[in-house]
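The lines below spell out each chain.
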Amino acid sequence: MSQIFNLCLATDTLAADAEQLGVTIGDLKSIQIEVVATLVNRAVIAQPTEWQLQLDYCITLPLKSLAAQLYWPTWQAEQVGFADYLWEQTCLECFLAGKLINSAVSINENNNKTNPYMEINASPDGRYALYQFADYRKPATLPPTPLLQGNGQTRASINWTAPPFSVSNAADNAALQSGSMPTSSFNGPLIAGAKTYHFERSFYLSLNQLSQIQTTNDEIGIEYIHPCVILSFDTKFGKTALYFAPNHAAPPDFHDTQYWSVFDEKVAMHKPHSIL
């Protein structure tokens, strides 16, 4: 089983965004983004509990013109690694909160409990970043503080699954604009005549790296989740960014925990299996 999120578009600047992209407001509202969160136990004999949170991002654009303007960088194995400021372009994001992320809840200057959380940024080209926050956007420095593993020394990381084919680079986008390339199918090769344009990426986060305390089948330690996507488009007027999340603050603010979802471990949990 999995916990599925259908992301909606922030509408604060919808009319201006549609004008810049040369489409209608209805076209933008027709963009579909689904994020699937799955807990998988990749257990081995030496470590009987190895929980991973897998996140699958599926983006569907309704028009060739949108696909042609979308900045979706080509997957490059040599690019895989930590990089800052990924949110300035197309970025696959997810925010997580709970005891697994940071059990060191403290009291802030207003005598209130802090709410620690983490942020995952991932570019379609393979770069990624994981950040930690002691409370809402704290520390406020940019780039944010990298999230460390339980040993307090090594940066936390994600692992990409095999990237599927997608219309994913400038050359392909140019071909789309000229009409010389057929559209892509959801999970397979290009199929002529398809009327939507699909882009996918998947990665997983090993949860054991985040805590020195092993997770168990009864308690994973993730309490809230907020998967988000920023789609960046290159238009003749410049760059246009669209913001997607299950729920939005106004103006959109992915860090606002009031709009996050409760993480349903039972729904997200895949049947564990052992790897000998």
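Predicted, not measured: the structure shown is a model, and the values here were computed from it.

## What about the overall build of the protein chain?
When its secondary structure is counted, the protein chain shows 5 helices and 14 strands. For the protein chain, long-range pairs separated by at least 24 residues make up 70% of all intrachain contacts whose partners lie at least 6 apart in sequence. Counting every atom, the protein chain has about 13200 Å² of accessible surface; 52% of that belongs to carbon and sulfur.

## Focus on the pairing of strand β12 (residues 238-245)
Sheet topology note: the strand β1 (residues 3-9)/β12 ladder contains 2 bridges and is antiparallel. Within the sheet, the bridge partner assigned to Leu9 lies in β12 and is Phe244. By the bridge criterion, 7 bridges tie strand β11 (residues 224-235) to β12 in an arrangement that is antiparallel. Looking at the pairing, Thr235 lines up with Gly238 of β12.

## Regarding the environment of Ala37
Take Ala37: it is sitting in strand β2 (residues 32-43). The spatial distance from the C-alpha of Ala37 to the C-alpha of Asp264 is 9.7 Å, given a sequence separation of 227 residues. With near-sequence residues (within four places) excluded, Ala37 lies in contact with Ser2, Gln3, Phe5, Leu53, Gln54, Leu55, Ile225, Phe263 and Ala268.

## What to know about unusual backbone geometry
With an omega dihedral of 0 degrees, the bond running from Lys138 to Pro139 counts as a cis peptide bond. Note that the residue after Leu142, namely Pro143, is joined by a cis bond; omega there is -5 degrees. Looking at the element boundaries, Pro143 is found in the loop between β7 (127-133) and β8 (145-146). In this structure, Tyr85 is a non-glycine residue whose phi angle is positive, near 60 degrees.

## Remarks on the side chain of Asp253
In this fold, Asp253 is placed in the loop between β12 and β13 (261-262). Taking the relative accessible area as the measure of exposure, Asp253 reaches 14% and is therefore buried. In terms of polar contacts, Asp253 uses its side chain to reach the side chain of Tyr136, at 2.4 Å. A polar contact is formed between the side chain of Asp253 and the side chain of Arg137, at a distance of 2.8 Å. If sequence neighbours within four positions are ignored, Asp253 has contacts with Tyr136 and Arg137.

## Thoughts on the side chain of Asn121
Mapped onto the secondary structure, Asn121 falls in strand β6 (residues 117-122). Polar side-chain contacts of Asn121 include one of 2.9 Å to the side chain of Glu119. Apart from the residues within four sequence positions on either side, Asn121 is in contact with Leu86, Trp87, Cys91, Leu92, Glu93, Arg127, Tyr128, Ala129 and Tyr131.

## Points about the pairing of strand β3 (residues 51-61)
Extensive coverage of β3 is indicated by the burial of 11 of its 11 residues. Of the two faces of β3, both are covered, the one formed by Trp51, Leu53, Leu55, Tyr57, Ile59 and Leu61 as well as the one formed by Gln52, Gln54, Asp56, Cys58 and Thr60. Sheet analysis places β3 next to strand β10 (residues 197-206), joined by 10 bridges and oriented antiparallel. For Asp56, the partnering residue across the bridge sits in β10 and is Ser202.

## Details of the confidence of the model for the protein chain
On average, the protein chain scores 83 in pLDDT, and the residues at 70 or more come to 76%. Within the model, the stretch residues 176-192 combines pLDDT values under 50 with 39 contacts to residues more than four positions away or in other chains. Counting contacts from residues 272-276, a segment whose pLDDT is below 50, to residues more than four positions away or on other chains yields 11 contacts.

## What to know about the packing of aromatic side chains
The description of an aromatic ring pair rests on the distance of the ring centres and on the angle between the ring planes. Scanning the model with the defined rule gives 13 aromatic pairs in all. Centre to centre, the rings of Tyr85 and Trp87 are 5.2 Å apart; their planes meet at 50 degrees, and the pair counts as tilted. Judged by its relative accessible area of 32%, Tyr85 falls in the partly exposed class. Classification of Trp87 by relative accessible area gives partly exposed; the value is 25%. Within the aromatic cluster, the residues linked to one another by ring pairs are Phe95, Tyr117, Phe133, Tyr243, Phe254 and Trp260.

## Remarks on helix α1 (residues 14-21)
All buried positions along α1 are accounted for by Leu14, Asp17, Ala18 and Leu21. The arc that holds the buried residues of α1, viewed along the axis, is 100 degrees, so those residues lie on one side. Buried positions along α1 lie against β1, α2 (25-29), α3 (64-69), β11 and β12. In the segment just after α1, Gly22 is the residue with positive phi, at about 70 degrees.

What counts and how
Residues numbered from 1 in each chain as written. Predicted model: local features only at pLDDT ≥ 70, side-chain atom pairs only at ≥ 80, totals over all residues. Heavy atoms only, no water. Helix = DSSP H or I, 4+ residues; strand = E, 2+ residues; numbered from the N terminus. Contact = heavy atoms within 4.5 Å. Areas by Shrake-Rupley, 256 points an atom, 1.4 Å probe, with all protein chains shown as cover. Pairing = 2+ DSSP bridges. Buried < 20%, exposed > 50% of the residue type's maximum accessible area, 1.4 Å probe, protein only. Polar contact = N/O pair within 3.5 Å; in protein donor to acceptor, adjacent residues only side chain to side chain. pLDDT = per-residue confidence, 0-100. Phe/Tyr/Trp six-rings, centres within 6.5 Å; stacked < 30°, edge-to-face > 60°. Arc of directions from axis to C-beta.

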